[in-house]
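Single-letter residue listing:
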Amino acid sequence: MLEFYKTIDNVTKRIDSPEHGCWISAVAPTDEEISYLIDEIGVMPEFVKSSLDEEESSHIDYDDDENQTLVIVDYPSADDSRTLQYTTLPLGVVIMKGYVITISLYENLNIEDMAHGVVRGVRTDMKTRFLLLLLLRISQRFLIYLRQIDRLSSKTEQKLHQSMKNEELIQMLGLEKSLVYFSTSLKTDEITLNKIMRGKLIK
């Protein structure tokens, strides 16, 4: 799904077609929408491909010829199954002349929050500010989920002391696996953020 947003009078509004200074949100884009991003908007094909690769880890990439920067960050995601488990997924942010573009394989709360005015101070024409606010929202989501994991593991631990059931053990193993995902993703996100902060690739 492709959606276009632009900050008008300090309010981020959805618009019908891309304009200079807008944000293009691509969530689970179809082949047709991918072609539109590449052929009409001019996003580099490898940047789109990297953003939609579930195994892609956090990094920053720059192309001098096209004057485009790709920032891939991992964001946390909660699995809705009975044994609640958390994982991390990549989100691509392409910064190019005229536009900031977010590309993700799945719907995610961070993009929804940016689009629906939950995050204050969003300016689609200020690309670096937009990126930093998105990174802040992702880090806040990590904290929310870490608190949930902490509460869940404490409850499960209490249950384990009372009854040695397989269900509780599976829950604990799932939570442990979630923390491994978070730890790995946060380390790579930190490296990416440090590269951004040096100011060589993004002013």
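Just so you know, the residues in each chain are numbered from 1, in the order the chain's sequence is written. It should be noted that, the model being predicted, local features are given only for residues of pLDDT at least 70 and side-chain atom pairs only at 80 or more, the latter also being counted only at that level, while totals for whole chains, interfaces and linings use all residues. Computation of side-chain values covers all heavy atoms of the structure but excludes hydrogens and water.

**Some thoughts on a positive patch on the surface**
Put simply, the rule is: Residues enter patches when their relative accessible area tops 30% and they take part in no salt bridge; the joining distance is 9 Å for like charges and 5 Å for the nonpolar side chains Val, Leu, Ile, Met, Phe, Trp and Tyr. Shrake-Rupley sampling with a 1.4 Å probe provides the accessible areas, and residues are treated as covered by the protein chains on show and by no other component. In what follows, salt bridge is the name for a side-chain nitrogen of Lys or Arg lying within 4 Å of a carboxyl oxygen of Asp or Glu. We count Lys and Arg on the positive side and Asp and Glu on the negative side, and we leave His and both chain ends out. Taken as the charge centre is NZ of Lys, CZ of Arg, CG of Asp or CD of Glu, depending on the residue. For the purposes of this entry, the term helix denotes a DSSP run of H or I that reaches at least four residues, the term strand denotes a run of E that reaches at least two, and both are numbered from the N terminus.
Together, Arg147, Arg151, Lys155 and Lys159 make up a region of like positive charge exposed at the surface. Structurally, Lys155 can be placed in helix H4 (residues 127-162).

**Focus: the side chain of Asp189**
Applied cut-off: For every residue, the accessible area (1.4 Å probe, protein chains only) is compared with the maximum for its type, and the residue is labelled buried under 20%, exposed over 50%, or partly exposed between those bounds. The contact criterion used is simple: two residues touch if any of their non-hydrogen atoms lie within 4.5 Å.
Mapping Asp189 onto the fold places it in helix H5 (residues 166-197). Here Asp189 occupies a buried position and makes no salt bridge, while the nearest side chain of opposite charge, Lys195, is found at 12 Å. In this structure Asp189 touches Ser58, Val73, Asp74 and Phe142, once residues within four positions along its chain are discounted.

**Quick notes on the side chain of Asp113**
Tracing the backbone shows Asp113 in helix H3 (residues 109-115). Leave out the neighbours within four places in its chain, and Asp113 touches Val118, Val119, Arg137 and Arg141.

**A word on the pairing of strand S4 (residues 59-63)**
Counted only if it meets this: By this definition, two strands are paired if DSSP reports at least two bridges between them.
Inspection of the sheet shows S4 paired to strand S5 (residues 68-79) by five bridges, in the antiparallel sense. Considered in S5, the bridge of Asp61 is made with Leu70. Between S4 and S5, which pair antiparallel and follow one another directly, the connecting turn spans four residues, one of which, Asn67, has a positive phi of 55°.

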